[in-house]
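# Breakdown of the fold
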Amino acid sequence: MIHVNEYHTGPLFFVQVLQQVHAAIDDQPHLHLPTSLLSFLQSQSTPYTNVQEPANQLRRLHPAALRLFMNDARDRAVVDVRIPDVGSKVLRPELDTLEHDLKQITTRHPTFSLDLTGGSVLSVRNLSKVVTDLWRSLLAAAIVIIIVISIVFRSPRLAAISAIPNIFPLVC
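My aim in this report is to walk through the structure given alongside it, one point at a time.

## Some details on the pattern of salt bridges
- Tallied over the full model, the rule gives three salt bridges.
- We note a salt bridge from D96 to R92, for which the minimum N-O separation is 3.3 Å. One end of the pair is D96 and the other is R92, both in helix α5 (residues 88-108) and four residues apart, which spans about a single turn.
- Assessed through its relative accessible area of 34%, D96 is described here as partly exposed.
- Given the relative accessible area of 28%, R92 is considered partly exposed.
- Here R125 ties to E99 by a salt bridge, and the two come within 2.9 Å at their closest N and O atoms. Note that R125 is positioned in helix α6 (residues 119-152) and E99 in helix α5, a separation of 26 residues in sequence.
- Look at E99 and you get partly exposed, because its relative accessible area is 26%.

## Quick word on helix α2 (residues 37-44)
- Inspection of α2 places L37, L38, F40 and L41 among the buried residues, and these make up the whole buried set. Viewed along the axis of α2, the buried residues span an arc of 160 degrees, placing them on a single side of the element.
- Between the side-chain oxygen at the start of α2 and the backbone nitrogen of L38 there is a gap of 3.1 Å, and the oxygen is on S36.

## Quick look at the environment of V86
- For V86, the location among the structural elements is in the loop between β3 (76-82) and α5.
- In sequence terms V86 and H30 are 56 residues apart; their C-alpha atoms lie 8.2 Å from each other.
- Non-local contacts of V86, meaning those with residues more than four positions away in its chain, are made with H30 and L91.

Parameters at a glance
Residues numbered from 1 in each chain as written. Predicted model: local features only at pLDDT ≥ 70, side-chain atom pairs only at ≥ 80, totals over all residues. Heavy atoms only, no water. Salt bridge = Lys/Arg side-chain N within 4 Å of Asp/Glu carboxyl O. Helix = DSSP H or I, 4+ residues; strand = E, 2+ residues; numbered from the N terminus. Buried < 20%, exposed > 50% of the residue type's maximum accessible area, 1.4 Å probe, protein only. Arc of directions from axis to C-beta. Polar contact = N/O pair within 3.5 Å; in protein donor to acceptor, adjacent residues only side chain to side chain. Contact = heavy atoms within 4.5 Å.

The quantities given are spatial measurements derived from coordinates; they are silent on function.
In structure tokens form, the structure reads like this:
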């Protein structure tokens, strides 16, 4: 989910930023079907020639339907994205690339704030952190075990032999 803050910009400008967000999402191979206010507006008419056309269409939309895309104050829009369960190892680089693309859009349009949020994004980030922390702790444990064995038995040979089962989890 991507939150887009609109700070006193015109509706057409808002639509243009949403188009750039959709394009950034479409560039990622595992992120599918971005759904937002833009999806609704594109399904309703031809390209806009009048700056007020998007705003006029929003006025016709039922408030309950509009809440799917925007909050009540109409200063925040949501872009939902379908993310398959392909694993955090695959999704992490794509989400990082998307986050970078969103920062570039924010740089071009400083009145907007674009953020990646949602359960899938948090799961990928948290799982990546858990895996990194686990790898570090296994490495630290292996080093401590090798040092303790070499000191207690006063044998670098035994320390080297004990290193094999301790390094095995790190390699796999």
